[in-house]
Amino acid sequence: MIKITLQRNVVPAHLQVAAQLRKSIQIGKLPPGSQLPPQMELAATLDMSCSTIQLAFQELVRDGLVVSHRRRGTFVVESLPGLRSVGLYYQSGALMYPEHHYLRAVHSAVLGYCHDRGLETAIFHDSRPMSTDVTPPPELVEAVEQRRVEALILPSTDKTILKRLGKLDVPIAYHGTPAIGNAVTYDGRQFVDLALAELHAADCRTVGLVSSFSTRVKPNLPGRIHEHVEFTRHFIERIGELGMGIRDGWICEPREENEIHDRHMSFEQYGYEMALALLNEPELPDGLVVYPDSVARGVILALMTQSERTANLQLVLHKNAEVPFPCPLPARFIVSSAAEVARELLAMAERMFAGRPHGGPRYVPFSVESSVNHAPAGGAGADGIRQPASTRQEKRL
């Protein structure tokens, strides 16, 4: 029996019933060909008039989700209609920030894929302060109720957005933390593996890291390690497995979870300051990994201030395929794709709308841009470096 819960609000009762039956169809609780409860039985269960239930069923008929047969009942159609309209949700101004190149690239790609499929799109900019309201914006609620938005895509996600939109009665595809099942994201462990493989192949014995990920971040879900913490942990573990070394002073990360935001600084400025702190170390590592590209821009500027000292520093930087990244220094790149993320977001929204499992989280793979010619890395084994007792050269024998 499908459970239907009515709320006392401004939404008419028949629309609430229709919305919950619609969701049951879309997520597969009412599979194709199954029969809906008889109208009189459902009316008695919900303690409402048969005319209200009839209006709810008519909404589903108009959506092409069910068919009614006289004396037989109402049944879910064998082939559900495809997705026809998509909404995109942002915090107000998110697309306008100068350094949000990647977000704009995802946004443009989603719109392009929707246009190619003939889907209608609606964009919602939520101007309310993040800390004052955890309910969906009224205009989005109305669009969902009126079926002007049949699925929602969130190219940017944080904890507040999850609270605001999590209870909307519409399929939602998120771009963000893999702790959410219906999310499209990147695998930070894969980035680490690719980056360190590049430096290992270049004979780097010691490695540093500049990242915007703080190991002090709280988990998204109780009992889970936050992906930012896992990123740095895997980086250190993988260095040990490869026989490379690292020092505490070569790991540059935010000291607090929201340090970059709280200091009102750009990621580029943060990267610049972290690289300067690294350059103040008595010795530099042979190789340096930087993530993400917005941080890498600042790191490059800082390294250029001491070009003689950093001449042999092997760089592996993150960049997005769709975002221009001028780099005057020799470097290797681990590349992500906003277009692939957009494609997966729309595919996930379509699967959920059709009542199939969302199949998430979905990880979009990184790729490696062809290596550059660079001088061989320097020596290793200085005091304070965490590395195995046997060197990598010994292991090759």
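Further up the page is the structure itself.
On a predicted model such as this, the values are computed, not experimentally measured, just so you know.

**What about the overall build of the chain?**
And step 1. The number of helices and strands found in the chain is 13 helices and 14 strands.
And step 2. Scored against the burial criterion, the 397 residues of the chain give a buried share of 48%.
And step 3. Surface summary for the chain: the accessible area is close to 19,400 Å², and the carbon and sulfur share equals 52%.

**Some thoughts on the pattern of salt bridges**
If charged atoms from side chains of opposite charge come close, those side chains can pair.
And step 1. Taken as a whole, this structure holds 19 salt bridges when the rule is applied.
And step 2. Through salt bridges with shared partners, one network takes in R255, E259, R263 and E273.

**Digging into the sheet that holds strand β14 (residues 367–369)**
And step 1. If you walk across this open sheet you meet the 6 strands as β9-β8-β10-β11-β12-β14, and the pairing is mixed. Since the sheet does not close on itself, it has two edges, and those belong to β9 (251–252) and β14, each with one partner.
And step 2. Summarising the sheet, strand β11 (residues 314–320) and strand β12 (residues 332–336) pair through 5 bridges and their orientation is parallel. Paired with K319 across the bridge in β12 is V335.
And step 3. In the packing of helix α8 (residues 227–241) onto the sheet, the strands contacted are β8 (207–211), β9 and β10 (287–291), and the crossing angle to β8 comes to about 170°.

**Some thoughts on the nonpolar core**
The nonpolar side chains of a soluble globular protein tend to be buried, and buried together.
And step 1. Grouped together as the largest cluster of nonpolar side chains are 76 residues, with contacts concentrated most on F235, V289 and L317.
And step 2. The biggest single contributor to this core is helix α12 (residues 338–353), with 9 residues.
And step 3. If we skip the residues at most four places from it in the chain, L317 touches V290, A296, I300, F325, C327, A331, R332, F333 and I334.
And step 4. Counting 21 residues, the second largest nonpolar core, distinct from the first, contains L21, L36, M48 and V66.

What counts as what
- Residues numbered from 1 in each chain as written.
- Predicted model: local features only at pLDDT ≥ 70, side-chain atom pairs only at ≥ 80, totals over all residues.
- Heavy atoms only, no water.
- Helix = DSSP H or I, 4+ residues; strand = E, 2+ residues; numbered from the N terminus.
- Buried < 20%, exposed > 50% of the residue type's maximum accessible area, 1.4 Å probe, protein only.
- Areas by Shrake-Rupley, 256 points an atom, 1.4 Å probe, with all protein chains shown as cover.
- Salt bridge = Lys/Arg side-chain N within 4 Å of Asp/Glu carboxyl O.
- Pairing = 2+ DSSP bridges.
- Contact = heavy atoms within 4.5 Å.
- Axes fitted to C-alpha atoms, helices over the stretch in contact; angles between N-to-C directions.
- Core = buried A, V, L, I, M, F, W, Y, C linked by side-chain atoms within 4.5 Å.

Function cannot be inferred from these measures alone, as they are strictly geometric.
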